[in-house]
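This is what each chain is made of:
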Amino acid sequence: MRNNFLYIVLFLVLPAVSLTAQGKRDLNNYKFTDKRGISLFEAPKESSTSFDGVKVRIGGASTLQFQALDHENSGSVELIEIGDNFNLATANLDLDVQLYDGVRMHLRTYLSSRHHTETYVKGGYFQIDKLDFIREGFLQDLMQYVTVRIGHMENNYGDAHFRRSDNAQAFYNPFVGNLIMDGFTTEVGGEVYYRKNGFISMIGLTNGKLNQAVTSPGATKASFLAKLGYDDYINPDFRLRLTASIYTTGESARTYLYSGDRAGSRYYYIMEPTGASASSNFRSGRWDPGFTNELTSFMLNPFVKYKGLEFFGVVEQSKGKADGETSNRKFNQYSGELLYRFGSDENFYVGTRYNTVSGETNTGDDVDIKRLQLGGGWFMTNNILAKLEYVNQTYDGFPSDNILHEGKFNGLILEAVISF
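Residues numbered from 1 in each chain as written. Predicted model: local features only at pLDDT ≥ 70, side-chain atom pairs only at ≥ 80, totals over all residues. Heavy atoms only, no water.

Moving on to the overall build of the chain. The number of helices and strands found in the chain is 2 helices and 17 strands. Against the globule reference of 22 Å for 420 residues, the chain gives a C-alpha radius of gyration of 21 Å, in line with a compact fold. If you line up the chain on its principal axes, its C-alpha atoms span 70 × 50 × 50 Å. Within the chain, the fraction of its 420 residues that count as buried is 53%. Sequence-distant contacts in the chain: of pairs separated by 6 or more residues, those separated by 24 or more amount to 64%. Of the accessible surface of the chain, which amounts to about 18400 Å², a share of 59% is contributed by carbon and sulfur atoms. In the chain, the 42 positive side-chain charges and the 48 negative ones have mean positions that sit 5 Å from each other. (Helix = DSSP H or I, 4+ residues; strand = E, 2+ residues; numbered from the N terminus. Rg over C-alpha atoms; globule rule 2.2 N^0.38 Å. Buried < 20%, exposed > 50% of the residue type's maximum accessible area, 1.4 Å probe, protein only. Contact = heavy atoms within 4.5 Å. Areas by Shrake-Rupley, 256 points an atom, 1.4 Å probe, with all protein chains shown as cover. Lys, Arg positive; Asp, Glu negative; His and termini not counted. Charge placed at Lys NZ, Arg CZ, Asp CG, Glu CD.)

The grouping of Tyr 306, Leu 309, Phe 311, Leu 338, Tyr 340, Phe 342, Phe 348, Val 350, Trp 378 and Met 380 at the surface amounts to a nonpolar patch, some 910 Å² of accessible area in total. Looking at the nonpolar patch element by element, the count peaks at 3 residues for strand S13 (residues 329-342). Inspection of the secondary structure puts Leu 338 in strand S13. A residue is classified by how much of its surface remains accessible, and Leu 338, at 42% relative accessible area, is partly exposed. (Patch = residues over 30% accessible without salt bridge, like charges linked within 9 Å, V, L, I, M, F, W, Y side chains within 5 Å. Salt bridge = Lys/Arg side-chain N within 4 Å of Asp/Glu carboxyl O.)

Note that Glu 272 resides in the loop between strand S10 (238-249) and strand S11 (294-306). A distance of 3.0 Å separates the side chain of Glu 272 from the side chain of Ser 284, its partner in a polar contact. (Polar contact = N/O pair within 3.5 Å; in protein donor to acceptor, adjacent residues only side chain to side chain.)

Time to look at empty space enclosed by the protein. In total, this model carries 8 cavities of 30 Å³ or more according to the counting rule given. Around the largest cavity sit 31 residues that line it, and Lys 31, Tyr 125, Arg 149, Glu 154 and Phe 162 are the ones nearest its centre. Where the lining of the largest cavity is concerned, the elements lending two or more residues are strand S3 (90-100), strand S4 (103-112), strand S5 (120-128), strand S6 (146-154) and strand S7 (186-196). A breakdown of the residues in the lining of the largest cavity according to their chemical character gives 8 nonpolar, 10 polar and 13 charged. (1 Å grid on protein atoms, 1.4 Å probe; cavity = no way out; pocket = protein on both sides within 12 Å on 5 of 7 lines; lining within 4 Å. Points joined across faces, edges and corners; volume = space filled by probe spheres on them. Nonpolar A, V, L, I, M, F, W, Y, C, P; charged D, E, K, R; others polar.)

So, about the packing of aromatic side chains. Two aromatic rings, taken as a pair, are described by how far apart their centres are and by the angle between their planes. According to the stated counting rule, one finds 21 aromatic pairs in the structure shown. Aromatic side chains Tyr 349 and Phe 379 sit 6.1 Å apart centroid to centroid with 50 degrees between the ring planes, which places their arrangement in the tilted category. Here Tyr 349 is found in strand S14 (residues 348-360), whereas its partner Phe 379 is found in strand S15 (residues 366-381), with 30 residues between them in sequence. Its relative accessible area of 3% is what places Tyr 349 among the buried residues. By relative accessible area, Phe 379 is classed as buried at 2%. A ring pair is formed by Tyr 395 and Phe 398, whose centres lie 6.0 Å apart and whose planes are at 65 degrees; its orientation type is edge-to-face. (Phe/Tyr/Trp six-rings, centres within 6.5 Å; stacked < 30°, edge-to-face > 60°.)

So, about a negative patch on the surface. On the surface, a cluster of negative charge is made up of Glu 360, Asp 366, Asp 368, Asp 396 and Glu 406. Note on placement: Glu 360 falls in strand S14.

This part takes up the pattern of salt bridges. By the definition in use, this model includes 31 salt bridges. Across the pair Asp 101 and Lys 130 runs a salt bridge, and its minimum N-O distance is 3.0 Å. Highlighted residues: Asp 101 in the loop between S3 and S4 and Lys 130 in the loop between S5 and helix H2 (140-143), separated in sequence by 29 residues. Bridged by salt links that share partners, the residues Arg 163, Lys 305, Glu 310, Glu 337, Arg 341, Glu 346 and Arg 353 form one connected network.

Next up on the list: the environment of Phe 398. Here Phe 398 is to be found in the loop between strand S16 (384-396) and strand S17 (408-419). On a C-alpha basis, the gap between Phe 398 and Asp 365 in space is 6.8 Å, while along the polypeptide they are 33 residues apart. Discounting chain neighbours no more than four positions away, the residues touching Phe 398 are Trp 287, Val 367, Asp 368, Ile 369, Leu 404 and His 405.

All right, on to the environment of Asp 101 then. Judged by its relative accessible area of 11%, Asp 101 is buried. Put simply, Asp 101 and Asp 129 are 28 residues apart on the chain and 8.3 Å apart in space, counted from C-alpha to C-alpha. Once residues within four sequence positions are removed from consideration, Asp 101 is found in contact with Asn 28, Thr 49, Ser 50, Phe 51, Lys 130 and Asp 132. Among the polar contacts listed, one links the side chain of Asp 101 to the side chain of Thr 49, at a separation of 2.6 Å.

To continue, consider the pairing of S17. Alternating positions in S17 separate cleanly, Phe 409, Gly 411, Ile 413, Glu 415, Val 417 and Ser 419 being buried on one face and Lys 408, Asn 410, Leu 412, Leu 414, Ala 416 and Ile 418 remaining unburied on the opposite face. As paired strands, strand S1 (residues 55-72) and S17 are joined by 12 bridges and run antiparallel to one another. Following the sheet pairing, His 71 is matched in S17 by Phe 409. Relative to S17, S16 is paired through 11 bridges, and the arrangement is antiparallel. Each residue of the ladder has a partner; that of Leu 385, found in S17, is Val 417. (Pairing = 2+ DSSP bridges.)

As a further point, take the side chain of Ser 113. You can see Ser 113 is positioned in the loop between S4 and S5. With relative accessibility at 0%, the residue Ser 113 sits in the buried group. Leave out the neighbours within four places in its chain, and Ser 113 touches Leu 88, Thr 90, Tyr 120, Asn 167, Arg 262 and Ala 263.

Another aspect to go through is unusual backbone geometry. A positive phi is found at Asn 29, a non-glycine position, where the angle reads about 50 degrees. Structurally, Asn 29 can be placed in the loop between helix H1 (2-22) and S1. Here the phi dihedral of Glu 346 falls at roughly 55 degrees; this positive angle occurs in a residue that is not glycine. Note on placement: Glu 346 falls in the loop between S13 and S14. Taking relative accessible area as the criterion, Glu 346 reaches 25% and is therefore assigned partly exposed.

This is how it looks when you write it as structure tokens:
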């Protein structure tokens, strides 16, 4: 009933606000969720803003895939039988509100997702780019470079999370699947940014919890994150961005950096056992290194765009341990994607991504996971995107009693995305 009610509200109110979504930037320091937000990372910091009353922007996204994948293994654990068909349609509802000059709120709700078919809130934040609500012009020389973000929100570790599919919001991801080690979590905390002349710095602190509770005090310590980088156009055709990021927590009842996405993987039932369900086995094709008690991760991200040619890379090392382990283990992840955007207003693109993960499991096995993605897309309009992807993923080093022993999956997947 709650799900149906929200769909009805969206249907009734959207016609009244949809025209503003197609015009100029209607909210201060706002990152568009359609084609205009492609290849952007943090929300922009505008040099000047104005305020003529509270503005509410209602947006959303809807995504559907047709999956034609096959999987196999050589282990003693039998895989579930799969065929070619459609996956569950997913949907998001976004609420963005300009509360004051330089003060904005964002809230995202998953109307339907693989893990939670019922409606639930992903998270949100309160963003401050001016302090005029204290006094007009208060610290304006400093605030022209500073942004403060507070909330139960998606934490800004690395740049890969800006190019991942967030449930139904799949416009920023040129492919269908996210990375094998999908660094993403939502925790309560704050982030402070300083941006000047292309240089970016950010420092943040969270309570380290995905699920909020006042019980078990002291079981989880605060998590620290930071980012340092540069992002600017060298000339009108050449853009360069390079960032380095860290996320660390010294003690936790359960870390969620690589298992925090409650929406679910795009590859349904892949490498899952008989009796699996789409909602319970929702991380198909991904890898969580299992650093549940202590975790420190570093990520380096180069991004280069020259006219229609685009490269984005990931160099990541994560180390830590689970409760009961006496020494740290580590996993390395590397990813490189090369795209070429072409046509009128770069409405078409083709590209490839190669992604590898290797490290030591909690059973002492050295494992390797490799994935190749080939794909392309067509922006039919600023708000409609069609993607086609071929994916091939292999697993090496897993013991014979593991379902991933000599495992692999491959095939085609077609995705249709609407975002506004």
